[in-house]
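# Structural description and commentary
Each chain, letter by letter, is given below.
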Protein chains: 2
Amino acid sequence: MHSPIIKPYPITRSLIPEIQEHPIHFVSAAITPEACFYLRNHFAYPRITGQSFVLSVGGEVQKPRTFQYEELLRMPSKELTVPLECAGNNRELFRPRVFGEQWGAGAISQGVWRGVALRDLLRLTGLQASAKEVVFEGHDSGRRPDLEGEFVFARSLPLGKAMHPDTLIAYALNGEPIPYKHGYPFRLIVPQWYAMASVKWLRSITVIRNHFSGPFQDIDYMYYPEKDSDTRKTPVTTIQVNSIIQQPLNRSVLDKGMHLIYGLAWTGTGWIKHVEISTDGGENWRPAVVQPASQNAYSWTFWNYTWLADQKGEYTMMSRATDSFGFVQPAAAKWNRKGYGYNAYSVVHVQVE
Amino acid sequence: MHSPIIKPYPITRSLIPEIQEHPIHFVSAAITPEACFYLRNHFAYPRITGQSFVLSVGGEVQKPRTFQYEELLRMPSKELTVPLECAGNNRELFRPRVFGEQWGAGAISQGVWRGVALRDLLRLTGLQASAKEVVFEGHDSGRRPDLEGEFVFARSLPLGKAMHPDTLIAYALNGEPIPYKHGYPFRLIVPQWYAMASVKWLRSITVIRNHFSGPFQDIDYMYYPEKDSDTRKTPVTTIQVNSIIQQPLNRSVLDKGMHLIYGLAWTGTGWIKHVEISTDGGENWRPAVVQPASQNAYSWTFWNYTWLADQKGEYTMMSRATDSFGFVQPAAAKWNRKGYGYNAYSVVHVQVE
C-alpha cells in the first residue's frame, strides 16, 4: 500500500493489428524492456505451427534448401545491439499532416539480437549469377484497405545489403528466444535500415533476378514527395540521423533552477559525432555531453545537457545530432505523403515559473 | 502462443506525480476498467496510516467531530454512476497551445461510486449560520513550481453544492473499496463538476465563513481568458457539454464501404438530448443514434452513426452534443491560459481508399 507500482505503459495505437508505441519519454535504458518495446504489425498475429520452425531458402540459388530451427541455433552466430525504428516514427509532426498511424516519438526501441548472418546461409545454398534482390516473407498475412485480395507481409533487400555481414537471421532477443510478438522464432534484422526491413515470423527467403514489387515494397514504405501524384517516389531504406529530447516534456512547467535535459541520438550512417542543444529556439547552440562512441556502431547514443533556468518565461529547446558521415538533422523534415523518415530537430516548449 | 493478449494501456503523462490517461479510443464500457481509469495526481502518493481511516469535520459547525471508517460504512449510503473528467481534458487541442499536462481526450473515466451524502454528515455536526464554503483536504501534499513551501491538495465547495444530496463521501468504487490510487479510503465525489473537486484521500472537512483561497482553488483550476494578465479569471466548476468520436481514429485510412462511427457524450448540466454527426467538415449534420436517456442522470451517453463511405477521398467527421439545458458544443473552445474546459466538436480526419 505504501509503495504503489508506478510504471510507464506502451501507447496503444491500434489493437488489430496490434500497434503499440514505446513510452520513450519515460524509459531510458540501453535495452528497451520487452513490456515497452514498440510493436508495429500489419496484420493479426500469425499462428505458430511446426512449419514456423523451418526456414526455406530458394530462387536464384545453386541448391535450394530448408533450415531447421535447431540447425540455425548450432551455426556460428553474432550478437548486435540494434535500434529498430519504424519509418513512420514522429509521423504526427509532419505539416501538412498526413494519414496513417499517428506515431509520436516512440516508434523506436533497442535490443540485443543474436542470429546467423544471412550471407552464411546463402553461402550454403550458393547464389546464381542472375541474383539481384532477396525477398523475405513473413507468416503474417491479411487484407489491405487499398487492394483486393490477401497479402503476405513481404519485403526485399538489394543483394549488397542482404550480404552485409550484420544482416542477421535472428532467433534471440536479449538472450532469450525472440518474443512471439516480435517475430518468434525467426526475424530478419537489418541494422541501419528502418524497421519495415526487419521482417518478423520469417518463413522464406527467395533470391530473385529482378525487382520485387509487393505492396509493402512499392506502395508502402516509399517517399512520395507530391501530394497528388506518385512521381519521383523513392524507397525508404536507411535510417536518417535523428535525436529526441526525452525530458523535459513538451509544454511542461518547470521551476527556476538547474534542469537536466536529456535524450537519445541515432543514425543509420556511421555513428553520432555530436549533439547540440538550443534553449532559445535555435538562435544559439551548445554541445551536449555525449556518451563515448560505443564499440557497437549501431546502438543509440545517450546525451545530456545541464541547463540553468534562472529567469521566468517561455523557452523553446531543440536538439540536433550530427553523424560521422556529416549528416545533420534539418530544421524541417522533408514532407512526404505517407509521412516517413521524420528527422527534424526535436523541439520542446517549456515554461519556467 | 496462438492467442496473444492484446489490450489497450493507459497513456503515461507523468510518473511522479503519477498521471495516466484513459485509452478512451479503445475502451467502450459503461464502467471504466480499473486498469484503464485515468489518474491525475498533484503529488506523490500519500502514506496510508491509521489516521487515514478517520475523517474530521470541523470549523463553522455546531459540534465538531470525527467519523471512523466503520461508522461511515454503517450509515445510509447511495450509489451513483458518475463520469469524472479532468478540467484539462483535451488540453493539447487548444490553439494557441498552452502549458500543462498535454492531455488528449482520455482524461475522463466512469465508475459507480458508493458513499454517504455529505449533507448527512453535516446534519450530524450541525452548521453555524456563518457557514459559507466547505473545505476538503486530502492526505497528499508536496511542492509546487510556482510557490515556496509545502502544500496540501485542498479544494472548497460553496455550501449549496456541498449540501447537494449527491455530493458524496465515497468509500467504494464499482462494489469494492476505492482503489488506493483513486483515493482510498475516502474520496469526495462531486457529480457534474470537473474532477479537481472530487478530492482523493480525504482527511478533513472544514466549514468556513469566507472564501477559501488555496492555490488549487485560486491559482489552478481558474479560467484565465487573457494570456498576460489575470483579469477576468473565473473558477472552473461545472462540466461543459462534450462528446468524443472514439472510432474511427484521427488520420486513419479506411476502405470503401460501411463504417460505424461511435463515441460518447456527457454534460454537467442535465442530460444529453442529442448528438449530431457531420462527415463533411460541418456543412451538413445528421442525428446519431443515442442510447435512451439513462435512469441515472449523470452517466455518459453512448452514440453511434453508420456511415457509407462510397467514394475515395478525405473526409472530416465531427460530433456535436446538445444537453437538456440547451447547451451545445461550440465549433471552437473558449481559449484560456491554463487550458481548462475544452469542449469543441470532436473532429476526426479520415482517408477512404
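Going by what an unreviewed UniProt entry lists, chain A is known as Sulfite oxidase and is assigned to Paenibacillus elgii. Entered under Cofactor (unreviewed entry) in the UniProt record, the comment concerning chain A runs "Mo-molybdopterin".

Under the UniProt annotation, the feature "domain: Oxidoreductase molybdopterin-binding" (unreviewed entry) is placed at residues 42–214 of chain A. The annotated region residues 42–214 of chain A carries 10% helix and 38% strand content, and the separation between its end C-alpha atoms amounts to 14 Å.

Residues and elements named next belong to chain A. If you walk across this open sheet you meet the three strands as β1-β2-β3, and the pairing is antiparallel. Whereas interior strands pair on both sides, the edge strands pair on one side only; in this sheet they are β1 (11–14) and β3 (39–40). Inspection of the sheet shows strand β2 (residues 19–21) paired to β3 by two bridges, in the antiparallel sense. Paired with Q20 across the bridge in β3 is L39.

Given 3.6 residues per helical turn, the α-helix brings residues three or four places apart onto the same face. Residues and elements named next belong to chain A. Within helix α2 (residues 118–125) the residues assigned to the buried category are L118, L121, L122 and T125. Projected down its long axis, α2 carries its buried residues within an arc of 95°, all on one side. Backbone geometry just downstream of α2 places G126 in the positive-phi region, at approximately 75°.

Attention now moves to the packing of aromatic side chains. What characterises a pair of aromatic rings is the spacing of the ring centres plus the angle enclosed by the ring planes. The tally for this structure, following the rule as stated, stands at 32 aromatic pairs over all chains. When the ring of Y69 of chain A is compared with that of Y184 of chain A, the centres are 6.4 Å apart and the planes differ by 70°; the resulting orientation is edge-to-face. Of this pair, Y69 of chain A sits in helix α1 (residues 69–74) while Y184 of chain A sits in the loop between β11 (176–177) and β12 (187–189); the two residues are 115 residues apart in sequence, bridging distant segments of the chain. Of the two residues, Y69 of chain A and Y184 of chain A, neither departs from the other in class, the shared state being buried. Measuring from ring centre to ring centre gives 5.7 Å for Y69 of chain B and F186 of chain B, while their planes differ by 55°; the resulting arrangement is tilted. One end of the pair, Y69 of chain B, is in helix α1 (residues 69–74); the other, F186 of chain B, is in the loop between β11 (176–177) and β12 (187–189), and 117 residues separate them in sequence. Three or more aromatic residues joined by ring pairs form one cluster here, namely F37, Y38, W103 and W113 of chain A. Residue placement shows R65 of chain A over the ring face of F67 of chain A; its charged tip is 3.9 Å from the ring centre.

Before going further, it helps to examine the relation of the copies chain B and chain A. Relative to chain A, chain B is turned by 180° and slid 0.0 Å along the rotation axis, the superposed coordinates differing by an RMSD of 0.0 Å. Expressed as a symmetry operation, the mapping of one chain copy onto the other fits a two-fold axis. Of all interface residues in chain B, 100% are interface residues in chain A too; the two copies therefore contact each other through one and the same surface.

Moving on: the sheet that holds strand β19 (residues 272–278) of chain B. All names here are of chain B. The strand order across the open sheet formed by five strands is β17-β24-β23-β19-β20, and the pairing between neighbours is mixed. Edge strands, defined here as strands with exactly one partner in the open sheet, are β17 (252–254) and β20 (286–287). Where β17 lies against strand β24 (residues 346–352), three bridges are found, and the strand directions are parallel. Bridge pairing in β24 places S252 opposite V350.

Right, let's get into the interface of chain B and chain A. Chain B puts 42 residues into the contact, and the matching count from chain A is 42 residues. Contact between chain B and chain A buries roughly 3900 Å² in total, counting both sides, with carbon and sulfur atoms accounting for 64%. The tally of links from chain B across to chain A stands at two salt bridges. Its salt-bridge partner being K227 of chain A, residue E314 of chain B comes within 2.7 Å of it at the nearest N-O pair.

Okay, the environment of V152 of chain B next. Residues and elements named next belong to chain B. Mapped onto the elements of the fold, V152 is located in strand β9 (residues 150–158). Given a relative accessible area of 30%, V152 falls into the partly exposed group. Note: C-alpha distance between V152 and A170 (18 residues apart in sequence) is 20 Å. Excluding anything up to four places from it in sequence, V152 contacts F43, E137, G138, D140, S141 and F216.

In many analyses, interface size is given as the accessible surface area lost on bringing the parts together. Residues and elements named next belong to chain A. For chain A, the assigned domains are domain 1 (11–235) and domain 2 (242–352). Placing a centre on the C-alpha atoms of domain 1 and another on those of domain 2 gives a separation of 28 Å. Of the residues lining the interface, 44 residues belong to domain 1; the matching set on domain 2 comes to 27 residues. Together, the buried faces of domain 1 and domain 2 total about 3100 Å²; carbon and sulfur atoms form 58% of this surface.

What follows deals with the environment of I239 of chain A. All names here are of chain A. Note that I239 resides in the loop between β15 (234–235) and β16 (242–247). Assessed through its relative accessible area of 4%, I239 is described here as buried. Considered as a pair, I239 and P83 are 156 residues apart in the sequence and their alpha carbons are 10.0 Å apart. When residues no more than four places from it in sequence are discounted, the contact partners of I239 are P83, E85, Q192, W193, Y194, W266, T267, G268 and T269.

Residue and element names in this part refer to chain B. By secondary structure assignment, the location of N89 is in the loop between β6 (78–85) and β7 (108–117). Taking the relative accessible area as the measure of exposure, N89 reaches 1% and is therefore buried. Here the side chain of N89 touches G106 through a polar contact of 3.5 Å, landing on its backbone nitrogen. Leave out the neighbours within four places in its chain, and N89 touches W103, G104, A105, G106, A107, I108, W266 and Y342.

On the surface, R95 and R97 of chain A together with R95 and R97 of chain B cluster together to form a positively charged patch. R97 of chain A gets classed as partly exposed once you look at its relative accessible area, which sits at 32%.

What counts, and where the lines are drawn
- Throughout this document, residue positions are counted from 1 along each chain, in the order its sequence is written.
- Here chains are named by letter from A upward and ligands by number from 1 upward, in the order in which they appear as written.
- Predicted model: local features are reported for residues with pLDDT of at least 70 only, side-chain atom pairs are reported and counted for 80 or more only, and whole-chain, interface and lining totals are derived from all residues.
- As a convention, hydrogens and water are excluded, and side-chain values are obtained from all of the structure's heavy atoms.
- UniProt positions are given in the numbering used here, feature names are shortened, and annotations may be inferred rather than shown by experiment.
- Secondary structure is summarised from DSSP: a helix means a run of H or I of at least four residues, a strand means a run of E of at least two, and numbering begins at the N terminus for each.
- Note: two strands are recorded as paired if DSSP finds a minimum of 2 bridges between them.
- Categorising residues by exposure relies on relative accessible area from a 1.4 Å probe, with only protein chains included: less than 20% of the type maximum marks a residue as buried, more than 50% marks it as exposed, and the intermediate range marks it as partly exposed.
- The arc refers to the directions leading from the helix axis to the C-beta atoms.
- The rule is short: rings of Phe, Tyr and Trp, with Trp giving its six-membered ring, pair when the centres are within 6.5 Å, and they are stacked under 30 degrees, edge-to-face over 60, tilted in between.
- Look at NZ for Lys and CZ for Arg. If either is within 6 Å of the ring centre and within 35 degrees of the ring normal, a charge sits over the ring.
- In superposing the copies, a least-squares fit is computed on C-alpha atoms, taking residues whose pLDDT is at least 70 in both.
- Any pair of residues with heavy atoms lying within 4.5 Å of one another is described as a contacting pair.
- By buried area we mean the combined loss of accessible area, with a 1.4 Å probe, across both parts when two parts are placed together.
- Should a side-chain nitrogen of Lys or Arg be within 4 Å of a carboxyl oxygen of Asp or Glu, the pair is scored as a salt bridge.
- Throughout the structure description, domain borders are defined by an automatic or database domain assignment.
- As used in this structure description, the phrase polar contact means that two N or O atoms lie within 3.5 Å; if the pair is within protein, one of them must be able to donate a hydrogen and the other to accept it, and residues adjacent in sequence are counted only when both atoms belong to side chains.
- For patch detection, residues must exceed 30% relative accessible area and be free of salt bridges, and they are connected within 9 Å for like charges or within 5 Å for nonpolar side chains (Val, Leu, Ile, Met, Phe, Trp, Tyr).
- Surface exposure here means Shrake-Rupley accessible area, sampled with a 1.4 Å probe, where a residue is shielded only by the protein chains that are shown.
- In this tally, Lys and Arg are treated as positive and Asp and Glu as negative; His is ignored, and so are the chain termini.
- The location of each charge is read from NZ of Lys, CZ of Arg, CG of Asp or CD of Glu.

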